[in-house]
Each structure stands twice: as structure tokens, then as C-alpha cells.
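# Architecture and fold: a report
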Amino acid sequence: MHIVVCIKQVPDSAQIRIHPVTNTIMRQGVPAIINPYDLFSLEEALRLKDRFGGRVTVLTMGPPMAEASLRKALSFGATHAVLLTDRKFAGSDTLATSYALTSAIRKLHEEEPVDMVFCGKQTIDGDTAQVGPGIATRMNMQQLTYVAKIEDVNLESREITVHRRSEGGVQVLKSQLPAMITMLEGSNTMRFGTMDDMFRAARTPLMNWNKDTCVDDESKVGLKGSPTVVSKVFVPKPRAQKAKMVTAEGGSPALAAAAVDMLFTTYPKLATDLAG
Amino acid sequence: MVEKFDAIVVGAGPSGNSAAYTLAKAGLKVLQIERGEYSGSKNVQGAIMYADALEKIIPDFREDAPLERHVIEQRIWLLGDDSYIGTNYRSDSFNSEKPNRYTIIRSQFDRWFNEKVREAGALVICETTVTELLRDANGKVYGVRTDRVNGEVHADVVIMADGVNALLARRADFQKELPPENVALAVKEIHFIDPALIEQRFQVKDDEGVVIEIMGKVTGGMVGTAFLYTNKESLTIGIGCLISDFKEKGITPYKLLEDLKNHPVIKPLIEGGEVKEYAGHLIPEGGYKAVPQCYGDGWMVVGDAAHLNNAAHREGSNLAMTSGRFAAETVIELKKLGKAPVASNLALYKKKLDDSFVLKDLKKYRNLPGIMHMSPQFFGAYPDLLNGAAHDLFTVDGVDKKTKENKILKSFVKRRSVFGLMGDAFKLARAFR
């Protein structure tokens, strides 16, 4: 079985700060991590490899520094890693990204037929959740998003059964391989690799690919291939409402009543809403 | 199959990186194991980096190392309640082509250093904790065990660069538990601030920097010091005191740091900044007498793990780097001679330490830690008295100078007594001789 897992290196959003003077995002010193949603997909792929054997190829598109993410994925147990990097890819939106990644997956498919592609449900920096479905559409693959559990994989009949979270509840779906799958957060926990995994991760040569390696139509990648236009980036205004501290020493009913009273006085709408 | 290396280096701070780099550069098969996510992710220091020690390992480090500012001015301040008295030394010759000291941010600097280790050919594995040394029936160390499955790795020699707690050496009974009077706890903050404000407040330009070492009331009568360093676009401010004193006084480290930040002579220097990082760490302060056995059959300890820190001159990372280099050079030299890394041969490492500034300096100040520990007056009473004296002298109020001098003298005698003053002078001379 050959599984391709697409990952993205993102800035750790928990540690991003706004420059106090210029009001721009400070990326300097912000650690880069694997998009957290990708890890649920990677772990699921590794579990399938544990069960069925075969190969898990991690694929990322990004600057050369994204190598760190691939090494990390290898240390969890992935067997192969592809770094798709080229200045021509800079500025790619989700449409162009899914095109470039699909081109790489097609090339991987030539090496060894791909049974499944795993993607993160969404990224924490772009938050679009479009790249995975974009790949599925381009590859003409079955698309299984928001998967909470892989119930069964039958390699003979090439069928896969999954539990998919939807608005109303859980759908149990049976579909065909090859399929593109995005896993729901919390569906599993990333493993702690063995010492052998650590050695392998440090030593495995990366496959360094660029646009010439796999992309046929250059006009479909980078800024040129990206119809999305970011017109403005701004820092949202903080909700400038001051919190009021109510001292509740002793905690008497009178004090509670006074606090509620104050709430209604400050927010008259609250009283009418409650009454209505 | 268990993998075997020429050497395993445990830890990726200044001493571990120096050892691994030197070994790999000489073509040895080296494994370096770091418990943090990357080299520097867990490492804390003020931080001043001394060029000389690094130059001897990576001569052209200035080309790409992440350095903040080179130090052109050193200030030593004794703080009173609302004042300081002190000395400044500033020299334009510190602006030479190869400056002597730099402020650094360790998480960036160590990461850079570790990248050099990898480039030199060492295998670096992070996020992996070495849990114990592997020893044969005769006690000779032949490898380490890590916290990962199949975690055993073998080597001819293990260099422990695992920091002040020296957990590995202690677990192997090579070292005893650190007594609280031999360890300081330091806390620090990095305040992000507009570089223009740094230039204006410290009268510096470009990459010039200022270092302020601080003693006095801010340590609450405990044995300790504080510091304020200028980085490119941030200031580092911190304070540390002996653990035994913290325990005795019941003062919290963050309270000290808050008091320091709010001191009237410090506050205007850091105003307008935003706290970017908060960190705390232990510092080995026991000096020469606390340096443990630092080699044995198949093992050596380097850096903080070997208690190599010069508290009197606030030097540590240079001792760490140099000891790491010495340990590596010892392994390389023995290998060339075809000698086994047993204790009798690894004694060469200790000799290198003895013959260099590392142990010479520590030996010079061997009495300092004990004397300071017994003499809190140097950290409380004297800064106070000196500030008071300066205040009286520089206040023009119609009182004649002779009377002022007598008043100052009386204040000293009253606080310390004639014998106390003489004793203190003697102690100081003995400690620094």
C-alpha cells in the first residue's frame, strides 16, 4: 500500500505576536511547526502502514526550511519524504497549490501506485480547507473529509469504510480506493517514534523536487496561477470593553442582587431580551 | 542491531555543541542527543557570548552566527533604595573588527551552533532524553539508553553535557546532589523594545551594546546579582540568588524581578517594552571546590554539568565551550595514539582544564563562594552605605565637608563596627586574591 500524506509547515499560531510599533505580524523567532491538523492524518496513515505494510510518503510544498517538517514526519515513522520547492511556487493560492501537489502525487503514483492521499482538514494559517478537496477533484479520487474513524479497508475489493462527522451526526460511508481523506482533530494521538525512526529521519535523503520535476503547466502555479487576491491584511480591533471586578467577599444574596442589577443597568438590552 | 559510535554527546548547549562539533570536524562518528525540540529550545543564559572561546572552535563564526550586539560598555552598579553608585567602562576600541563580547539570544544562537555541528557531520537527534549510562561489569561506560523504544546506543566514550543538574552523572553515582548553597536560581525576561529607544537610552549606534551588572538592595539581602543587557531589538533583564538564601528568606524570584524592574534607576531604561519571554534557570556557583570528578572509564562531563562556572566574573559559556573542546580533543588525541578511553588516559582532559584559564580562574577564586555565602553584607549593607555616602557628599547643603566625612565614617562603623570593616576587607582580599 502506498499512502501519500500532504503536510504544511506553518508558524505556530499560538506564538505569533503583533509588532508593537508597526502593527505587522512578527514571524521572526516564531517557531515553525507541522500544521497540527496534518498530524491526525499522518498518524492515521502510519496506522494503516502498521496494519498493511507498504510505504508512507510525506509531501510538502514550501520553502527549503520546510525540510524540518519532513524530517519530523519521518521521525514519526513516514518512510519517504518529498520537498516540493521552487521560487516559481511562491504566492500560490489553494487552487495553484492543489495543482502543484497533484502534479507531485501523479509523479509519485508513477513510482508506485498511490492508494490513498491524506491531507490535513485545514491549515491553521490559511484555514480554507480547500487544498485536500482540490487534490481529490484533480486526481478524480473519492473524497472523504472530516473522517473521525477509518472502520475498515479492504485491499482486495478496494473498498474503504469510514465514519464521517457531519452537521447532523455521523455518516458511515463506504467508498472506493483511491481516496483522498482528511481526518478530524482528536481522532487519534500522534505516536512517539522509536530510536530507529529517529536515526532514519536524520539519515533519509529527501527527494528535492521543483517545478521542472513534475509540473507540466507553469501558468497554473505561483502568483500567475492564483486567482485569489489578498487586498488587505489588518489587525482586528480589540473589543475595548473594560471588565468590572465585583468584590464578593462574604458572598451575600444582596451582593449578588447588586451585581445583577449592575449588569442590567449597563446592558439595558439584556433585560428586554430576557423579558421577551 | 544496536548502533555504535566513536562518541556520544549528551546535550546540545554550548559545551555539548563544542564537543560534538570538534569531534565531527576531526572525522569521528558522533551522535549528539538533545532532549529539547531543538538545540536552544530549553537553554537559558543571560546571555553574553565570549568570542575567544568560540573563535578557537569556529574561527569565522562572525560570518553567520546570530549575534545581537557587541559590548562596548560595561557598567557595574550598586543599587540603593532609589539610587545607584557604580563604575562604567566604555571604549571605542571594543568596536574593533573582531569584538570580544556579544549579547546573544540563546534559542537562536544554540540553534545556529547545532546546525554547524550537523554540517560538520555529526548525527543529531532531538526530542530524545538519555535516561541512563550503559556500564559493563567493571563499571566502564559503553553507551546510553534513551526514552525511545530500542533506545540503546553504544559508543567508545560518552561526553555528558547535560547541564547544571548533571542528572546522568548523578544517576550513575559519579556526582552527589548539589547542595543549595552551591546553586543560584536566576530568572529573566526579554523585553521587546524599539531599537531607537535602545540607541537613545544607552547612547549606542548600530550593533553596539551595553552590559549592566547589578548588586545591592534588589537582592533583598541575599547573595546574588542582577543584570540588564541590550540586544538588537530587546532588553534582557534578570536577577539571581543562591537557592539556600531563597529558601531561608522565603522571597520568590519573580518578586525580586518585579522589584528590580520597578527600581527608579532601572524603570526608565526598560519603559515601553513588551515582555516577549520569561525564563528561569539554575547556575552552578560552588566554584573550584564544587567541581566534581569530571572523567572516568568511558566518560567525561563538561560545562555546567562539571560545575565549570566563574561566578566572580560572570563567565560560564566560555568555560563550557572550552571544556567541550578539551573533551573532544582528548578523544581525538587518544584515538590517534591508539589508546583506549579509560580513566587513566582521559585524565588528559582534566590536565587540559587545569592548565587553562578554566580551572586556573576557578582556583584563583576558590574561597569566594564560601566567603560570599557567609557575608551577606557585601550584597546588602555595603551597597547601601556607599549609596548613602555618595548622596551625602554630592548634596550641597551648607554642612562642611569634614563633618560630612565624619558622618559617613560613623555610618560605616555603626553598621559594621571597626572590626567588622577590617574583617570584611580581609575577606574580600582573600576571596579575590
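Residues numbered from 1 in each chain as written. Chains lettered and ligands numbered in written order. Predicted model: local features only at pLDDT ≥ 70, side-chain atom pairs only at ≥ 80, totals over all residues.

### Brief notes about the overall build of chain B
Along the backbone of chain B there are 15 helices and 17 strands. Of all 433 residues assigned to chain B, the portion counted as buried reaches 48%. For chain B, long-range pairs separated by at least 24 residues make up 72% of all intrachain contacts whose partners lie at least 6 apart in sequence. (Helix = DSSP H or I, 4+ residues; strand = E, 2+ residues; numbered from the N terminus. Buried ≥ 20, exposed ≤ 12 C-beta atoms within 10 Å, placed from the backbone. Contact = placed C-beta atoms within 7 Å.)

### Points about the overall build of chain A
Within chain A one finds eight helices and 13 strands. Overall, chain A is about 75 × 45 × 40 Å in size when its C-alpha atoms are taken along their principal axes. The buried share among the 276 residues of chain A stands at 34%. Residue pairs at least 24 apart in sequence account for 70% of intrachain contacts in chain A once pairs closer than 6 positions are excluded.

### Examining the sheet that holds strand S11 (residues 170-176) of chain A
Residue and element names in this part refer to chain A. With respect to topology, nine strands assemble into an open sheet ordered S11-S10-S9-S12-S8-S1-S6-S7-S13, the strand pairing being mixed. Strand pairing shows two members of the sheet lacking a second neighbour, S11 and strand S13 (207-209), which therefore form its edges. For this sheet, the mean angle separating the axes of adjacent strands, direction not counted, is 35 degrees. Set on the sheet, helix H2 (residues 67-76) makes contact with strand S1 (2-7), strand S6 (55-61) and strand S7 (80-84); between it and S7 the angle comes to about 165 degrees. (Pairing = 2+ DSSP bridges. Axes fitted to C-alpha atoms, helices over the stretch in contact; angles between N-to-C directions.)

### Notes on the interface of chain A and chain B
Listed as interface residues are 10 residues of chain A and, on the opposing side, 13 residues of chain B. Among the residues forming the side of chain A that touches chain B, the class breakdown is seven nonpolar, two polar and one charged. (Nonpolar A, V, L, I, M, F, W, Y, C, P; charged D, E, K, R; others polar.)

### Re the domain arrangement of chain B
Looking at the assigned domains, one finds that chain B contains domain 1 (4-65 + 104-176 + 292-355) and domain 2 (370-432). Once you take the C-alpha centre of each, domain 1 of chain B and domain 2 of chain B turn out to be 45 Å apart. (Domains from an automatic or database assignment.)

### Observations regarding helix H10 (residues 343-355) of chain B
Residues and elements named next belong to chain B. Between its terminal C-alpha atoms H10 stretches 18 Å, which fits the 18 Å expected from 13 residues at 1.5 Å a residue. Among the residues making up H10, those that are buried are Leu-346, Tyr-349 and Leu-353. On its buried side, H10 packs onto strand S16 (295-296), strand S17 (299-301), helix H9 (317-337) and helix H11 (357-364). (Expected span 1.5 Å × (residues − 1).)

### Describing the packing of H2(A) against helix H5 (residues 195-203) of chain A
Residue and element names in this part refer to chain A. Interaxial distance between H2 and H5 falls to 7 Å at its minimum, and their mutual angle equals 150 degrees. Taken together, H2 and H5 sit at an angle that is classed as roughly antiparallel. Both H2 and H5 take part in a crossing whose hand is right-handed. Residues Arg-71, Leu-74, Ser-75 and Phe-76 of H2 form the contact with H5, whose participating residues are Asp-197, Met-198, Arg-200 and Ala-201. Within the contact of H2 with H5, the residues separate by chemical class into four nonpolar, one polar and three charged. (Parallel < 35°, antiparallel > 145°, perpendicular 65-115°, else oblique. Left-handed = near helix turned anticlockwise from the far one by under 90°.)

### Here we look at the pairing of S6(A)
Residues and elements named next belong to chain A. With six of its seven residues buried, S6 lies for the most part within the structure. Direction of pairing for S1 relative to S6: parallel, over a ladder of six bridges. Paired with Val-4 across the strands is Thr-57, a residue of S6. Bridge analysis of S6 against S7 gives five bridges, and the strand direction is parallel. If you follow Thr-60 over to S7, its bridge partner there is Leu-83. For the segment spanning S6, H2 and S7, crossover handedness is right-handed. (Right-handed = clockwise from strand over helix to strand, strands pointing away.)

### Considerations on the domain arrangement of chain A
For chain A, the assigned domains read domain 1 (2-220) and domain 2 (241-276). Each of domain 1 of chain A and domain 2 of chain A was reduced to a C-alpha centroid, and the two centroids are 49 Å apart.

### Considerations on the UniProt feature "domain: FAD-binding" (unreviewed entry) in chain B
The sites that UniProt annotates as "domain: FAD-binding" (unreviewed entry) are residues 5-192 of chain B. As a span, residues 5-192 of chain B carries 19% helix and 36% strand, and end to end its C-alpha atoms are 43 Å apart. (UniProt positions renumbered as here; feature names shortened; annotations may be inferred.)

### As for the UniProt feature "domain: FixC-like C-terminal" (unreviewed entry) in chain B
Look at the UniProt record and you will see "domain: FixC-like C-terminal" (unreviewed entry) annotated at residues 368-433 of chain B. The span residues 368-433 of chain B is 79% helical and 0% strand by assignment, and the distance between its end C-alpha atoms comes to 9 Å.

### Description of the environment of Lys211(A)
Residue and element names in this part refer to chain A. If you trace the backbone, Lys-211 turns up in helix H6 (residues 211-214). Along the primary structure Lys-211 and Val-56 are separated by 155 residues, whereas in three dimensions their C-alpha atoms are 22 Å apart. When residues no more than four places from it in sequence are discounted, the contact partners of Lys-211 are Asp-86, Lys-88, Phe-89, Glu-218 and Val-221.

### Quick look at the confidence of the model for chain B
For chain B, per-residue confidence averages 94 on the pLDDT scale, and residues scoring 70 or more make up 100% of the total. For this predicted complex, the interface confidence reaches an ipTM of 0.84, while the overall pTM sits at 0.88. (pLDDT = per-residue confidence, 0-100.)

### Quick word on the pairing of S11(A)
Bridge count between strand S10 (residues 159-165) of chain A and S11(A): seven bridges; the pairing is antiparallel. Pairing of Arg165(A) across the sheet is with Val170(A), part of S11(A).

### Quick word on the environment of Arg200(A)
Residues and elements named next belong to chain A. In this fold, Arg-200 is placed in helix H5. When the 16 C-beta atoms within 10 Å are taken as the criterion, Arg-200 is described as partly exposed. Considered as a pair, Arg-200 and Thr-79 are 121 residues apart in the sequence and their alpha carbons are 8.5 Å apart.

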